[in-house]
Amino acid sequence: MQLKKNPSLLASQVSGSASVSRAQESLGSFLSLFNPPKILQVQNLPRLLSDIVDEAVRITGAERGTLYLVDNKKGLLTSYIAHGLEMEEITLPLGSGVAGHVVKTGKIYNCTDAYQCSFFDQRFDVRNGFITRSLLSAPIRNHENLIIGVIQLVNKHPSFTANDESFIRTFASYVAISIENAHLYREREKTFKSAVEMITSAIDKRDPATAGHSARVSKLCLLMAQEMRLSETEQTVVEYSALLHDIGKIGVPDAVLLKPGKLDDREYAAIKQHAIHTKEILHKMHWPKEWSDIPLIAAMHHERLDGSGYPERHHGLEMPTIARILAIADTYDALVAIDRPYRRASSHAKVIEYLDQEVKKGLYDKKVYLTLKNIELFRLQPIYGDRIYSRES
């Protein structure tokens with residue numbers, strides 16, 4: 001893009017009180033938000049767009065800025081990012097207020113005195129004790145030229161200029177790219193997750209005794225990762241690792257996998273091979289770089305911190321935090337599950353008591369265990385139903 005290669009072209013669009021060199025410095029900071037690594041990190045679109053709006057406010061010298069998104073199904077404009085506002089989201093009917101006017105006309109609106117504007121809604125100012133003086137509002141269009149949002153900057157002294165209009169037009173095109181990339185990312189992730197869930201369901205149907213196990217473990221792992229405030233990438237990796245951790249059972253003979261009674265040593269050895277099969281199968285898949293640890297993590301669900309687990313007897317620091325989460329979540333679910341014909345389900349309290357003893361033996365991570373122990377039962381209820389409240393073992 002020409003503007004990306006030569007920031008001085010865009011610098012000339014910023015209001016002229018600052019020197020060109022200062023404008024270039026500001027715009028260099030702004031454009032850095034759109035370098036490929038950042039613009040493609042759309043898992044956290046709110047953070048990216050918040051940074052963009054903050055930078056636009058700073059560059060133009062505005063007091064506040066708001067980014068609205070269009071919801072055509074509901075006929076609403078909803079504030080997605082509101083710079084400088086400590087309040088609930090702003091919701092407007094399409095066509096209402098200055099932002100609605102911009103959606104309706106498809107044109108940039110530059111107002112030097114908001115209270116002289118017939119379609120300016122003063123209720124926001126009255127409700128928040130704020131005085132809007134000047135404002136600049138521009139439509140955000142997608143690649144089909146459809147308006148998907150509005151960017152609005154408020155209160156520049158003495159007013160917004162024609163140069164600011166040129167800047168906000170360019171700014172809006174960058175925002176549109178970010179929003180569309182986010183939409184594509186979400187669609188890709190939804191498609192991938194549905195495929196993973198389909199595979200998991202197929203494995204479950206092969207062994208009805210463990211139906212739903214992988215899905216429950218995945219939900220529990222995600223909840224624990226969120227409680228531990230792990231990064232979004234780590235949360236995604238542990239979620240998918242849990243969904244796929246038993247995919248290797250497809251390589252275990254039915255005579256062993258579906259045997260109702262106790263397994264002999266040879267059969268147990270065959271069952272233990274499923275973790276290796278999981279790693280081998282998942283290694284054949286193409287993973288984005290940030291998800292490349294999924295085969296390894298998924299295969300570690302039977303590893304233990306003291307090295308007594310299988311298949312590779314990993315221990316200590318060889319097990320990353322998300323592998324430790326998966327290990328304890330897998331055990332917890334297996335013990336509270338009501339669908340195992342060879343074992344009566346244990347209560348939540350009994351399993352927590354059991355895991356406490358295993359932690360003391362060095363098998364599980366204490367911090368991960370305490371995270372699980374401290375999760376309120378009502379937050380586990382969506383995963384395990386009302387039986388989670390049962391005190392019977």
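This section reports on the structure supplied with the text. (Residues numbered from 1 in each chain as written. Predicted model: local features only at pLDDT ≥ 70, side-chain atom pairs only at ≥ 80, totals over all residues. Heavy atoms only, no water.)

**Comments concerning the overall build of the chain**
Next, step 1: Regarding its fold elements, the chain presents 17 helices and 6 strands.
Next, step 2: Per-residue burial over the chain gives 48% buried out of 393 residues.
Next, step 3: Counting contacts in the chain only where the partners sit at least 6 residues apart, residues at least 24 apart contribute 61% of the total.
Next, step 4: For the chain, the computed accessible surface area is about 20100 Å², with 52% contributed by carbon and sulfur atoms. (Helix = DSSP H or I, 4+ residues; strand = E, 2+ residues; numbered from the N terminus. Buried < 20%, exposed > 50% of the residue type's maximum accessible area, 1.4 Å probe, protein only. Contact = heavy atoms within 4.5 Å. Areas by Shrake-Rupley, 256 points an atom, 1.4 Å probe, with all protein chains shown as cover.)

**Structural notes on the packing of helix α10 (residues 232–244) against helix α14 (residues 321–336)**
Next, step 1: Closest axis-to-axis distance for the α10/α14 pair is 10 Å, and the angle between their directions is 40°. Here α10 runs over α14; the crossing is right-handed. Every residue of α14 that contacts α10 at Glu234, Val237, Val238, Ser241 and Ala242 is listed here: Ile322, Ile325 and Leu326.
Next, step 2: Of the residues belonging to the contact of α10 with α14, the class tally is 6 nonpolar, 1 polar and 1 charged. (Axes fitted to C-alpha atoms, helices over the stretch in contact; angles between N-to-C directions. Left-handed = near helix turned anticlockwise from the far one by under 90°. Nonpolar A, V, L, I, M, F, W, Y, C, P; charged D, E, K, R; others polar.)

**What to know about the nonpolar core**
Next, step 1: The biggest cluster of nonpolar side chains holds 51 residues, and the ones touching the most others in it are Leu220, Met224, Ile325 and Tyr332.
Next, step 2: Taken together, the elements giving at least two residues each to this core come down to α8 (162–206), α9 (213–227), α10, α13 (294–298), α14, α15 (348–360), α16 (366–373) and α17 (377–384).
Next, step 3: A total of 10 residues in this core trace back to one element, the largest contributor, which is α14.
Next, step 4: When near neighbours in sequence (up to four residues on either side) are disregarded, Ile325 contacts Cys221, Met224, Ala225, Met228, Leu230, Val238 and Val368.
Next, step 5: Counting 25 residues, the second largest nonpolar core, distinct from the first, contains Ala138, Ile140, Phe171 and Ala176. (Core = buried A, V, L, I, M, F, W, Y, C linked by side-chain atoms within 4.5 Å.)

**With respect to the side chain of Thr200**
Next, step 1: Considering the arrangement of structural elements, one finds Thr200 in helix α8.
Next, step 2: Taking the relative accessible area as the measure of exposure, Thr200 reaches 7% and is therefore buried.
Next, step 3: For Thr200, the side chain forms a polar contact with the main-chain oxygen of Leu243, separated by 3.0 Å.
Next, step 4: In this structure, Thr200 is in contact with Ser214 and Leu243, ignoring residues within four places of it in sequence. (Polar contact = N/O pair within 3.5 Å; in protein donor to acceptor, adjacent residues only side chain to side chain.)

**Considering helix α5 (residues 45–60)**
Next, step 1: For α5, with 16 residues, the first-to-last C-alpha span of 22 Å sits near the 22 Å given by 1.5 Å per residue.
Next, step 2: For α5, every residue scored as buried is listed here: Leu45, Leu48, Leu49, Ile52, Val53, Glu55, Ala56, Val57, Ile59 and Thr60.
Next, step 3: Phi turns positive one or two residues past the end of α5, at Gly61, with a value near 80°. (Expected span 1.5 Å × (residues − 1).)

**Section: the state of the cysteines**
Next, step 1: All chains considered together, the criterion is met by 0 disulfides.
Next, step 2: The thiol of Cys111 is unpaired, and the distance to the nearest cysteine sulfur, on Cys117, comes to 5.0 Å. (Disulfide = S-S within 2.5 Å.)

**Details of the packing of α14 against α16**
Next, step 1: Running from N to C, α14 and α16 cross one another at 50°; their axes reach a closest spacing of 9 Å. For the element pair α14 / α16, the angle class is oblique. Judged by the twist between their axes, the crossing of α14 over α16 is right-handed. Between α14, through Arg324, Ile325, Ile328 and Tyr332, and α16, the contact on the second element is made entirely by Val368, Tyr369 and Leu372.
Next, step 2: Of the residues in the contact of α14 with α16, the class split is 6 nonpolar, no polar and 1 charged. (Parallel < 35°, antiparallel > 145°, perpendicular 65-115°, else oblique.)

**With respect to the packing of aromatic side chains**
Next, step 1: Tallied over the full model, the rule gives 8 aromatic pairs.
Next, step 2: Their ring planes at 35° and their centres at 6.1 Å tell us that Phe167 and Phe171 sit as a pair that is tilted. Of this pair, Phe167 and Phe171 both sit in helix α8, 4 residues apart, roughly one helical turn. For the pair formed by Phe167 and Phe171, the shared burial category is buried.
Next, step 3: Following the ring pairs from residue to residue traces out a cluster consisting of Phe192, Tyr240, Trp287 and Trp291.
Next, step 4: Sitting over the face of the ring of Trp291, Arg188 holds its NZ or CZ atom 5.7 Å from the ring centroid. (Phe/Tyr/Trp six-rings, centres within 6.5 Å; stacked < 30°, edge-to-face > 60°. Lys NZ or Arg CZ within 6 Å of the ring centre and 35° of its normal.)

**Section: the pairing of strand β6 (residues 147–154)**
Next, step 1: Of all 8 residues in β6, 8 are buried, a share of seventy percent or more.
Next, step 2: Here 7 bridges tie strand β5 (residues 135–141) to β6, and the two strands are oriented antiparallel to one another. Looking at the pairing, Leu135 lines up with Val154 of β6.
Next, step 3: Here β5 folds back onto β6, and the loop between the two strands holds 5 residues, one of which, Asn145, carries a positive phi near 70°. (Pairing = 2+ DSSP bridges.)

**Comments concerning the pattern of salt bridges**
Next, step 1: All told, the structure shown has 15 salt bridges when counted by the stated rule.
Next, step 2: Here Arg206 and Asp254 are joined by a salt bridge, their closest N and O atoms 2.6 Å apart. Of the two residues, Arg206 sits in helix α8 while Asp254 sits in helix α11 (residues 254–257), which places them 48 residues apart along the sequence.
Next, step 3: Residue classification places Asp254 among the partly exposed positions, given a relative accessible area of 41%.
Next, step 4: Each of Glu227, Glu376 and Arg379 takes part in one network of salt bridges that share partners. (Salt bridge = Lys/Arg side-chain N within 4 Å of Asp/Glu carboxyl O.)

**Details of the environment of Ala275**
Next, step 1: With respect to the helices and strands, the residue Ala275 is situated in helix α12 (residues 265–283).
Next, step 2: Classification of Ala275 by relative accessible area gives buried; the value is 0%.
Next, step 3: Residues Ala275 and Ala298, 23 residues apart in the sequence, show an inter-C-alpha distance of 7.9 Å.
Next, step 4: In contact with Ala275, other than residues within four places in its own chain, are Ala299, His301 and Pro311.

**Brief notes about unusual backbone geometry**
Next, step 1: Residue Pro158 is bonded to the preceding His157 through a cis peptide linkage, with omega at 0°.
Next, step 2: The residue after Tyr310, namely Pro311, is reached through a cis peptide bond having omega 10°.
Next, step 3: Mapped onto the secondary structure, Pro311 falls in the loop between α13 and α14.
Next, step 4: Phi at Asn145 takes a positive value of approximately 70°, unusual for a residue other than glycine.
Next, step 5: The phi angle at Arg229 is positive, at roughly 55°, despite the residue not being glycine.
Next, step 6: Positionally, Arg229 belongs in the loop between α9 and α10.
Next, step 7: For Arg229, a relative accessible area of 77% translates into the label exposed.

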